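Geometric and topological summary
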Amino acid sequence: MIYIFDLDYTLLDAIEFKRGLARILGLSWEDWQANYQKFFKDQNKNFNFYQMLNYLIRAEIVNQNQAVEIRHAVLKYLKTIDSFIFPAGLELLKKLSKDKHTLMLVSFGDMVWQKSKIENLKIKKFFAKVIITDSNKSTALMFLQNSTEEIVIINDNAKETFLLQESIPRAKVYVTDGPYAHNVGHQEPVYTLAQLVKEI
Ligand SMILES: [Mg+2]
């Protein structure tokens, strides 16, 4: 069976991870959120830490000396990214790979930033394939439409998950618990990772 995992909010505690990024930039959580909204969400852009840093330099919130330290600090921080993987997520990956399933990690976002995160992830060893896309996951997963293997999709983002299921109708989907589990109306169950460890 092929298991397709999402990263942010599914396997990775993205909220805690972002709190650490805010601390590195010297921003309160509120200021982080305001800047995140202004520079990325409002512009319909995917987040990239280095771009955020450049915006903050231009806005004179961060000076050049601080920026040097911040660039060092974020590289160090990225090396600790596995500590933000949900423990039950790690358990699930271990279980599925022990059972000889094929695991794939498919992540949507800014190519440079997602790559910085994933190349530091030790859990990437569990995945036969890692796909990063900044367009859409359905296109990135087109190659699966010819596969005869059973496909399971595990993703916290309900909207993205149901769109994926439309392009691969035979896929079984599990929406995992998180801030995006109801970003589109649906009656499907929402699972915690601990539940999935038992269910799958
Ligand atoms: Mg996600």
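Definitions and cut-offs
Residues numbered from 1 in each chain as written. Predicted model: local features only at pLDDT ≥ 70, side-chain atom pairs only at ≥ 80, totals over all residues. Helix = DSSP H or I, 4+ residues; strand = E, 2+ residues; numbered from the N terminus. Rg over C-alpha atoms; globule rule 2.2 N^0.38 Å. Buried ≥ 20, exposed ≤ 12 C-beta atoms within 10 Å, placed from the backbone. Pairing = 2+ DSSP bridges. Contact = placed C-beta atoms within 7 Å. Axes fitted to C-alpha atoms, helices over the stretch in contact; angles between N-to-C directions. Right-handed = clockwise from strand over helix to strand, strands pointing away. Parallel < 35°, antiparallel > 145°, perpendicular 65-115°, else oblique. Left-handed = near helix turned anticlockwise from the far one by under 90°. Domains from an automatic or database assignment. Nonpolar A, V, L, I, M, F, W, Y, C, P; charged D, E, K, R; others polar.

1. Looking at the overall build of the chain
For the chain, the helix and strand inventory stands at 9 helices and 6 strands. Relative to its length of 200 residues, the chain is compact, with a C-alpha radius of gyration of 18 Å against a globular reference of 16 Å. Taken along the three principal axes of its C-alpha coordinates, the chain extends 55 × 35 × 30 Å. Classification of the 200 residues of the chain by burial places 27% in the buried group.

2. Notes on the sheet that holds strand E5 (residues 172–176)
One open sheet holds the 6 strands; their spatial order is E3-E2-E1-E4-E5-E6, and the pairing between them is parallel. Among the strands making up the open sheet, the edge pair consists of strand E3 (129–133) and strand E6 (190–191). In this structure, E5 lies alongside E6, joined through 2 bridges in parallel fashion. Residue pairing across strands places Val-175 opposite Val-190, the latter belonging to E6. Relative to strand E4 (residues 151–155), helix H8 (residues 158–167) is tilted by about 165°, and along the sheet it contacts E4 and E5.

3. With respect to the pairing of E5
Relative to E5, E4 runs parallel, the two being bridged by 4 bridges. Its bridge partner being in E5, Val-152 is matched across the sheet by Lys-172. Assessed by its sense of winding, the connection that carries the chain from E4 through H8 to E5 is right-handed.

4. Observations concerning the packing of helix H1 (residues 14–25) against helix H4 (residues 64–78)
Between H1 and H4, the shortest axis-to-axis distance is 9 Å and the interhelical angle comes to 155°. Relative to H4, H1 is oriented roughly antiparallel. Crossing handedness for the pair H1 and H4: right-handed. For the pair formed by H1 and H4, the contact residues are Gly-20, Ile-24 and Leu-25 on the first element and Ile-70, Ala-73, Val-74 and Tyr-77 on the second.

5. Looking at the domain arrangement of the chain
Domain parsing of the chain yields domain 1 (2–12 + 84–199) and domain 2 (14–78). On a C-alpha basis, the centres of domain 1 and domain 2 stand 26 Å from each other. Each partner contributes to the interface: domain 1 provides 12 residues, whereas domain 2 provides 8 residues. Residues of the side of domain 1 that touches domain 2, tallied by class, amount to 5 nonpolar, 3 polar and 4 charged.

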